[in-house]
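# Summary of the model geometry
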Amino acid sequence: MPLKSKHGKTYICLEAGFHQGSLSDRLYLVDSVTNAGLHNLGFDAWKWQVHNTDEVVGEDYQFTYMTSKGQQSSSIKELLASRSMNPSQWYTLFRHIQIAGVDCFATPGNPIDVDFLKSMNSAAIKIAGADITYLELIRYAADSGLPLLIDTRCTKYELDVALDCAEAAGCKDITIVYSPSGYPVDDDEVGLRAITYL
């Protein structure tokens, strides 16, 4: 089913992103945004246990990021663990969102996550800009039967290859998401003229 408003209005989507917080915090966020008239809510579907980060960046690699408390630093494994939920928590979150009448999507990190999202009746699967060249993931997600949201923090060539890959795998419902990075992005980095190409 294509992603669209059930009320014939502009389809409003919020990606809650890769954040810390308990399940109760996330449920509160769901209630807040649905009361504001949101149509779709997305999360990162990281389950850190399936990401062998030690082989990629090393156990001692420190990731620095900004929070409301200022700059923080932790290992990738610690960061993923603090921001992941177990399957039971994910089920509770998805059910809460679906009961509220809001579509829910998530960003998988690998094919295992795609299977998990499909089992949760996710409204769509989002391919992160960092995974735009992860063609195995794009192919697997496209073959899931769910709509795809494809991020565009990439080159035109990378986007074209990703779209060709998804279409060749049989996906008919693809939404290109234009999302300049920065949170908040600097005005001179927004690049809205890119939308004319998309």
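It should be noted that the structure appears before, not after, this text.
Structural notes, computed from the coordinates. (Residues numbered from 1 in each chain as written. Predicted model: local features only at pLDDT ≥ 70, side-chain atom pairs only at ≥ 80, totals over all residues. Heavy atoms only, no water.)

## Comments concerning the pattern of salt bridges
- The tally for this structure, following the rule as stated, stands at one salt bridge.
- Between Asp151 and Lys126 there is a salt bridge, with the nearest N and O atoms lying 3.4 Å from each other. Taken together, the positions of Asp151 in strand E7 (residues 148-151) and Lys126 in strand E6 (residues 124-127) put the pair 25 residues apart, joining distant regions of the chain.
- A relative accessible area of 0% places Asp151 in the buried class.
- Residue class for Lys126 comes out buried when judged on its relative accessible area of 4%. (Salt bridge = Lys/Arg side-chain N within 4 Å of Asp/Glu carboxyl O. Helix = DSSP H or I, 4+ residues; strand = E, 2+ residues; numbered from the N terminus. Buried < 20%, exposed > 50% of the residue type's maximum accessible area, 1.4 Å probe, protein only.)

## Considering helix H6 (residues 135-142)
- Those residues of H6 not exposed but buried are Leu137, Ile138, Ala141 and Ala142. Along the axis of H6, the buried residues cluster in a sector spanning 125°; they form a single face.
- The inward-facing, buried residues of H6 abut helix H5 (111-119), E6, E7 and helix H7 (156-168). (Arc of directions from axis to C-beta. Contact = heavy atoms within 4.5 Å.)

## Focus on the side chain of Lys126
- A distance of 3.4 Å separates a polar atom in the side chain of Lys126 from a polar atom in the side chain of Asp151.
- Every residue in contact with Lys126, bar those within four places of it in the chain, is listed here: Glu15, Phe105, Ala106, Thr107, Pro108, Leu149 and Asp151. (Polar contact = N/O pair within 3.5 Å; in protein donor to acceptor, adjacent residues only side chain to side chain.)

## Structural notes on the nonpolar core
- Judged by nonpolar contacts, the single largest core of 36 residues is most densely connected at Leu41, Leu93, Ile97, Ile125 and Leu148.
- In contact with Leu93, not counting residues within four places along its chain, are Leu23, Arg26, Leu27, Val30, Phe43 and Met85. (Core = buried A, V, L, I, M, F, W, Y, C linked by side-chain atoms within 4.5 Å.)

Everything listed is a geometric property; what it means functionally is a separate question.
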